[in-house]
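Spelled out from the first residue to the last, the chains are:
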Amino acid sequence: MNRLFSWLLDFAYLGVLVLFSPLILYRSVFLGKYREGFASKFLGLVPRLEPLPAGKQRVWLHAVSVGEVNVLRPLLKRIREEKPHWECVISTTSLTGMQLAQKLYGADYTVFYCPLDFSWAVFRAVGRIQPNLLVLVEQEIWPNLFYAAKKAGAKLALINGRFGESGYRRYRRFRFCFRKVLKMLDLVAVQNETYAGWFHSVGAVGERIEITGSMKFDGAPTDRKNPKTVQLGELAGISETDIVFLAGSTQSPEESLALEVFETLQEDWPRLKLILVPRHPERFASVGHLLDERKANWIRRTELEKTDRRDFRVLLIDCVGELGAWWGLSRIAFVGGSMGSRGGQNMIEPAAYGAAVSFGPNTKNFRDVVELLLQNEAAVVVRDKEDMLRFVRKCLEEPDYRKNLGDRAAELVKAQIGATQTTLKHLAKLIDC
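Below is a short write-up of the structure. Predicted model only: the values in this text are computed from it and were never measured.

Here's the deal with the overall build of the protein chain
When its secondary structure is counted, the protein chain shows 20 helices and 14 strands. Against the 2.2 N^0.38 benchmark of 22 Å for 433 residues, the protein chain shows a C-alpha radius of gyration of 22 Å, consistent with a compact globule. Seen through its principal axes, the protein chain has C-alpha atoms that stretch 65 × 45 × 45 Å. Of all 433 residues assigned to the protein chain, the portion counted as buried reaches 53%. Summarising the internal contacts of the protein chain: among those between residues at least 6 apart in sequence, 68% fall at separations of at least 24. Per element, the accessible surface of the protein chain, about 19300 Å² overall, is 52% carbon and sulfur. When the 60 basic and 49 acidic side-chain charges of the protein chain are each reduced to a single mean position, those positions are 7 Å apart.

Quick look at the structure:
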């Protein structure tokens, strides 16, 4: 890759920006998106860090949004314990990713918005951060950022690497462009053999590809008695006798389906409670409106600390970053983003807690995890409302079925743990020579 190619990319990015400017403007004005971090994203005005003394290394970790930000938790813990001479800084792209990163890491690490892949922005950002190692999570491939980091002498790594099927097809179609970009990577740490083959086929150097497993298994809490889950359970007045059906990371119309299932069962099962956790904050209001329309006995998460009311049957989680802990209260789980074209969301967390896990048929983003769960009879696919109703009813009527399904899921997650330690070992080879 050279400077001419970098400039051509700038022109292409600007063209896309102009093409989608009406949509971007609409989302900015009416949904509050894209407003924050303008100077960092478009101008590369990220925090200016001082050069490190001899013997220290600076590692820039980039996690695009909430899922990737969570993936970093076990890795940062390991780095703090085993690599105290590494100074880590963390960037993200989305508003929700920034909110969670600030909440989890803001007290201990420099957190900032990653620049968009314009050459002027990324070169300025790299000059301000001065990383020895740039680490990107899962499938973040940005040519100008890679080029700027390499020009500055930094090593490049992609960790927890994976492709969705549609993403892989796109990279295959334009592999003549991406081949040079992927060859800049010093390490491609992927989740399984399938992804290793896919990355190699689109240009990654075979000798630099390592199969480490999925770090998402390492970050999943398994103890239902963890302090955060216990705190939330007490706040919501959820007792040991309550049976929580939680629909998490949902999109339209998944909240409506879960609500209809709950409405069908609530009279026969007075201890059944429904918790809804929409994937995107901008949908909190519309889901609340749906609950009002259906005259549900419900309350918002943000109201729990302001009222003594605990007679509700439906709880809407209208805040970001708590889903992982709420899963620990669920006995029956539906993982959203799986009924439409989204491709599914992370089903590892409810599985790790031993919930009876279900999801829709469209889970291409987590195909490897889904295959493992289904092969081990540790989850169930529900294709529509009738399937979901049958599943939840069976979990209520047959406690042993619910428990055995959850136990198999929890055991499977425990068996996969270890990817973080392997990943750290490979990262250390790049800068601890």
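After that view of the structure, there is still more to cover.
Notes on the sheet that holds strand S8 (residues 243–250)
If you walk across this open sheet you meet the seven strands as S10-S11-S9-S8-S12-S13-S14, and the pairing is parallel. Taken across any chain shown, the strands that pair with only one partner, and hence form the sheet edges, are strand S10 (298–300) and strand S14 (380–381). Lying on the sheet, helix H18 (residues 385–397) is in contact with S8, strand S9 (272–278), strand S12 (332–335), strand S13 (356–359) and S14; it crosses S12 at an angle near 155°. The strands touched by helix H19 (residues 399–416) within the sheet are S8, S12, S13 and S14, with S13 carrying the most contacts at an inclination of about 80°.

Considering the environment of arginine 173
Relative to the helices and strands, arginine 173 resides in helix H8 (residues 165–173). According to the relative accessible area criterion, arginine 173 is exposed, its value standing at 53%. Expressed as a C-alpha distance, the spacing of arginine 173 and valine 202, which sit 29 residues apart in the sequence, is 8.9 Å.

Structural notes on the pairing of strand S4 (residues 133–137)
Burial runs high along S4: five of the five residues are buried. Side-chain alternation along S4 places Leu133, Val135 and Val137 on one buried face and Leu134 and Leu136 on a second face that is also buried. Across five bridges, S4 lies against strand S5 (residues 155–161) in parallel orientation. Within S5, the position partnered with leucine 136 by the bridge is leucine 158. Traced from S4 through helix H7 (residues 143–151) to S5, the parallel crossover comes out right-handed.

Examining a nonpolar patch on the surface
Nonpolar side chains collect at one region of the surface, where Leu4, Trp7, Leu8, Phe11, Leu14, Phe38, Leu43, Leu45 and Trp120 lie side by side and expose about 930 Å² of accessible area between them. Secondary-structure elements contributing two or more residues to the nonpolar patch are helix H1 (3–19) and helix H3 (38–43). Broken down by element, the nonpolar patch gets its largest block of residues, five residues, from H1. Counting through the fold element by element, tryptophan 120 comes out in helix H6 (residues 119–129). With a relative accessible area of 37%, tryptophan 120 lands in the partly exposed category.

Overview of the packing of aromatic side chains
Within a pair of aromatic rings, the relevant descriptors are the distance that separates the centres and the angle that separates the planes. Under the counting rule described, the total for this entry stands at 13 aromatic pairs. Between phenylalanine 118 and tryptophan 120 the ring centres are 4.8 Å apart and the planes differ by 10°, which places this aromatic pair in the stacked class. For phenylalanine 118, a relative accessible area of 4% corresponds to the buried category. When the ring of tyrosine 171 is compared with that of phenylalanine 178, the centres are 4.6 Å apart and the planes differ by 70°; the resulting orientation is edge-to-face. Take tyrosine 171 and phenylalanine 178: they sit in the same class, and that class is buried. Linked through ring pairs, Phe163, Tyr168, Tyr171, Phe178, Tyr195, Trp198 and Phe199 together constitute an aromatic cluster. In this structure, arginine 162 is placed above the aromatic ring of phenylalanine 366, and the distance from its NZ or CZ to the ring centre is 5.5 Å. In this arrangement the basic side chain of lysine 273 is found over the ring face of phenylalanine 312, its NZ or CZ atom lying 4.8 Å from the centre.

What counts, and where the lines are drawn
Residues numbered from 1 in each chain as written. Predicted model: local features only at pLDDT ≥ 70, side-chain atom pairs only at ≥ 80, totals over all residues. Heavy atoms only, no water. Helix = DSSP H or I, 4+ residues; strand = E, 2+ residues; numbered from the N terminus. Rg over C-alpha atoms; globule rule 2.2 N^0.38 Å. Buried < 20%, exposed > 50% of the residue type's maximum accessible area, 1.4 Å probe, protein only. Contact = heavy atoms within 4.5 Å. Areas by Shrake-Rupley, 256 points an atom, 1.4 Å probe, with all protein chains shown as cover. Lys, Arg positive; Asp, Glu negative; His and termini not counted. Charge placed at Lys NZ, Arg CZ, Asp CG, Glu CD. Pairing = 2+ DSSP bridges. Axes fitted to C-alpha atoms, helices over the stretch in contact; angles between N-to-C directions. Right-handed = clockwise from strand over helix to strand, strands pointing away. Patch = residues over 30% accessible without salt bridge, like charges linked within 9 Å, V, L, I, M, F, W, Y side chains within 5 Å. Salt bridge = Lys/Arg side-chain N within 4 Å of Asp/Glu carboxyl O. Phe/Tyr/Trp six-rings, centres within 6.5 Å; stacked < 30°, edge-to-face > 60°. Lys NZ or Arg CZ within 6 Å of the ring centre and 35° of its normal.

All we've got here are geometric facts, nothing functional implied.
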